Amino acid sequence: MSRDPKQEAVLRQGGGKAGLERQRKLGRLPARERIAQLLDKDAQFFEIGLWAAYKMYQEWGNIVAAGVVAGIGNVCGVSCMIIANDATVKAGAFFPATCKKLLRAQRIAFECALPIIYLVDSAGVFLPMQDEIFPDEDDFGRIFRNNSVISAAGIPQFAAIMGNCVAGGAYLPVLCDKILMTEGSGLYLAGPSLVKAAIGQIVDQEELGGAKMHSEVSGTVDFYEKTDESCLKRLRSLVSLLPEATGVKLVSDPKALRPAKGPDMIYDLVSLDGQKNYDTRDLLASIVDSNSMDEYKGDYGKTLVTTYARIAGRPVGIVASQRLQVRTKKEGIQMGGVIYPDSADKAARFVMDCNQDGLPIIFFQDVTGFMVGRDAEQSGIIRSGAKLVNAVSNSVVPKITVVIGGSFGAGNYALCGKAYDPRFIVAWPSARYAVMGAAQASDTVFSILARARERGDKKATHEELDELRKKVKASYEEQTDIRYGAARGWVDAIIQPHETRETLVQLLQYVSRPMPKARFHTGVIQV
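Residues numbered from 1 in each chain as written. Predicted model: local features only at pLDDT ≥ 70, side-chain atom pairs only at ≥ 80, totals over all residues. Heavy atoms only, no water.

Caption draft 1: The arrangement of the side chain of S215 in detail. Along the chain, S215 turns up in helix α10 (residues 211–216). Judged by its relative accessible area of 3%, S215 is buried. When near neighbours in sequence (up to four residues on either side) are disregarded, S215 contacts V221, Y224, D299 and Y300. (Helix = DSSP H or I, 4+ residues; strand = E, 2+ residues; numbered from the N terminus. Buried < 20%, exposed > 50% of the residue type's maximum accessible area, 1.4 Å probe, protein only. Contact = heavy atoms within 4.5 Å.)

Caption draft 2: Broad picture of the packing of aromatic side chains. Within the structure shown, the criterion is met by 15 aromatic pairs. Summarising the aromatic geometry, the rings of F424 and Y510 are spaced 6.2 Å apart at their centres and angled 50° between planes, so their arrangement reads as tilted. In this pair, F424 sits in strand β18 (residues 424–427) while Y510 sits in helix α21 (residues 500–511), placing the two residues 86 residues apart along the sequence. Residue Y510 is classed as partly exposed on the basis of its relative accessible area, which comes to 42%. When the ring of Y433 is compared with that of W490, the centres are 5.6 Å apart and the planes differ by 50°; the resulting orientation is tilted. Here Y433 is found in strand β19 (residues 432–434), whereas its partner W490 is found in the loop between α20 (482–487) and β20 (493–494), with 57 residues between them in sequence. By relative accessible area, Y433 is classed as buried at 10%. Judged by its relative accessible area of 31%, W490 is partly exposed. (Phe/Tyr/Trp six-rings, centres within 6.5 Å; stacked < 30°, edge-to-face > 60°.)

Caption draft 3: Inspection of the packing of helix α4 (residues 96–112) against helix α6 (residues 140–152) at higher detail. Packing of α4 against α6 leaves a shortest axis separation of 9 Å and a crossing angle of 15°. Considering their axes alone, α4 and α6 lie roughly parallel with respect to each other. The chirality of how α4 crosses α6 is left-handed. Seen from α4, the contacting residues are C99, L102, L103, Q106 and F110; seen from α6, they are F140, R142, I143, N146, N147, V149 and I150. Residues that form the contact of α4 with α6 fall into these classes: eight nonpolar, three polar and one charged. (Axes fitted to C-alpha atoms, helices over the stretch in contact; angles between N-to-C directions. Parallel < 35°, antiparallel > 145°, perpendicular 65-115°, else oblique. Left-handed = near helix turned anticlockwise from the far one by under 90°. Nonpolar A, V, L, I, M, F, W, Y, C, P; charged D, E, K, R; others polar.)

Caption draft 4: Broad picture of the pattern of salt bridges. This structure, assessed with the given rule, holds 25 salt bridges. E47 serves as the salt-bridge partner of R12, at 3.6 Å between the closest nitrogen and oxygen. Taken together, the residues R12 in the loop between α1 (5–11) and α2 (16–25) and E47 in strand β1 (residues 45–48) connect sequence positions 35 residues apart. Look at R12 and you get partly exposed, because its relative accessible area is 37%. Its salt-bridge partner being D353, residue R349 comes within 3.8 Å of it at the nearest N-O pair. You can see R349 and its partner D353 sitting in helix α14 (residues 341–357), four residues apart, about one turn around the helix. Note on D353: relative accessible area 4%, which makes it buried. The structure contains a network of salt bridges with shared partners spanning E8, R12, R32 and E47. (Salt bridge = Lys/Arg side-chain N within 4 Å of Asp/Glu carboxyl O.)

Caption draft 5: Region of interest: the environment of I381. Examined against the element boundaries, I381 turns out to sit in helix α16 (residues 381–394). Residues I381 and M371 lie ten residues apart in sequence; the distance between their C-alpha atoms is 7.3 Å. Dropping the residues within four chain positions of it, I381 is found in contact with I339, Y340, P341, F370, M371 and A376.

Caption draft 6: Fine view of the pairing of strand β3 (residues 78–85). Most of β3 sits out of view: seven of its eight residues are buried. Alignment of strand β2 (residues 68–75) against β3, held across eight bridges, turns out to be antiparallel. Note that in β3 the partner of A70 across the bridge is I83. What sits between β2 and β3 in their antiparallel hairpin is a turn of two residues, with C76 showing a positive phi close to 55°. (Pairing = 2+ DSSP bridges.)

Caption draft 7: The packing of α14 against α16, seen in detail. Look at α14 against α16: their axes get within 8 Å of each other, and the N-to-C directions meet at 20°. With respect to their mutual orientation, α14 and α16 come out roughly parallel. Viewed along their axes, α14 and α16 form a crossing whose handedness is left-handed. For the pair α14 and α16, the contacting residues are P341, A344, D345, A347, A348 and V351 in the first and I381, S384, G385, K387, L388, A391 and V392 in the second. Split by residue class, the contact of α14 with α16 holds nine nonpolar, two polar and two charged.

Caption draft 8: Molecular detail of the side chain of H214. Within the fold, H214 resides in helix α10. Assessed through its relative accessible area of 8%, H214 is described here as buried. At a separation of 2.8 Å, a polar atom in the side chain of H214 contacts the main-chain carbonyl oxygen of L187. (Polar contact = N/O pair within 3.5 Å; in protein donor to acceptor, adjacent residues only side chain to side chain.)

Caption draft 9: Geometry of α14. Over its 17 residues, α14 extends 25 Å from the first C-alpha to the last, a length consistent with the 24 Å expected when each residue adds 1.5 Å. By the criterion of burial, α14 is predominantly enclosed, with 13 of the 17 residues buried. Backbone geometry just after α14 places G358 at a positive phi near 75°. (Expected span 1.5 Å × (residues − 1).)

Caption draft 10: Region of the structure containing the nonpolar core. Of all hydrophobic cores here, the largest spans 53 residues; its most connected members are V75, I117, L119, L235 and Y308. When residues no more than four places from it in sequence are discounted, the contact partners of L119 are R34, I35, I82, I83, A84, N85, A160, M162, L232 and L235. By size, the runner-up hydrophobic cluster in this structure holds 49 residues, among which are Y57, F126, F144 and L172. (Core = buried A, V, L, I, M, F, W, Y, C linked by side-chain atoms within 4.5 Å.)

Caption draft 11: Layout of the environment of G301. With respect to the element layout, G301 can be found in the loop between β9 (294–296) and β10 (304–311). As for G301 and V326, which are separated by 25 residues in sequence, their C-alpha atoms are 9.5 Å apart. Among residues more than four places away in sequence, those in contact with G301 are D342, S343 and K346.

The structure is reproduced here in structure tokens:
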């Protein structure tokens, strides 16, 4: 019996005209159009399971292709497994055959080491058949188990939420390496109606699980996108960062690719005394290739900027101190140059993602340290800081550190100071190294001794304490001078600010060579 091209053409229409019209009224593309925009031009698409669920659930209607499109195609030259819910078929709900089809696609991707792209637009489990979908080892829960195992195996997974993503299905994108979400989409464990029934809370969809909320408050979403089209474009950009992508084009002449802003702009932006606030994105615009930045969680953890970018065509991850005062939806005002719990959590996750993709990481330090005080301690600053330190410590990709201004306290550790094995560490002449700033150190010493005097310790007069404060301050000012640190090997070189891009182009060539693998050998010896 031969295949039936006419019937297959009907199957590719999904839920038919009514379903397609409903999808377009919501401002969303149908599943197959999403896939077409994601794939390279004229790329072949090897579809898997087109006939899944054929005539299986007729009592519930025509569940075309089990409500999900799956197959393999090239994105930026990388063969990827693409799994897209078809919301024109029962709102993309999961039937038993849907689970089996998705599990089969995951297995193929795992065994062939294919990156997986999930285009999520699903109402979740089809509740009338929950007993056949929910509990067994080849049912719904196995999908999320596979997400975890695939991630641990180092196979990249990207998830774009482009509609509904509810109940248990919400775990799929969150277990992936990178999460994108479009405006108007919903991500929550329980929708507004169920929340009201369960706990009596009345809340709208956006506040409960909208894209803005997850990008600004919960920090769950890595990239907030306005439309399907911009979301798919961002997905392509992220896939192009993978080592095997044809989009990775290294140039022999670094001048062939230019930053958006000239290197001399740095001197207008950053003051040598470290007192001037500046937007780190403007600084990076004079260092990375023009239009190459994909900022990660840009609306969350704002005192650190985490972004993917290219330098002379070479993909990198960047973790940089933000020196502007920022306002967050959850915490309010946050001081520039200070690491807060949300920024530490974000940066830790970003470092893990860079390791998953094999991207070198460049750290730009201009940090006064971690936030202190009652609120910071109660919000878990130590736990979040330890998470970032752990991620940086165990990172196996090449790391390069550039000290721009302050490198104080545990901020030095978290942003890959000398103790954390950067392949290279360079500094500007304005860089300053110490456990804390000179003013803070001298004031701290004075306060401790002054309180001791108030308690009866009369070993020093107030004038002598003041003189001690001046001595401590002078000593710290001498020790924080970057030449003091360079003399002791804390940095490999002091570079001029306008040389930063040129230096990084050079260093990235060095760190990208494969490390030698240890083996037992003695070379030539006398016998």
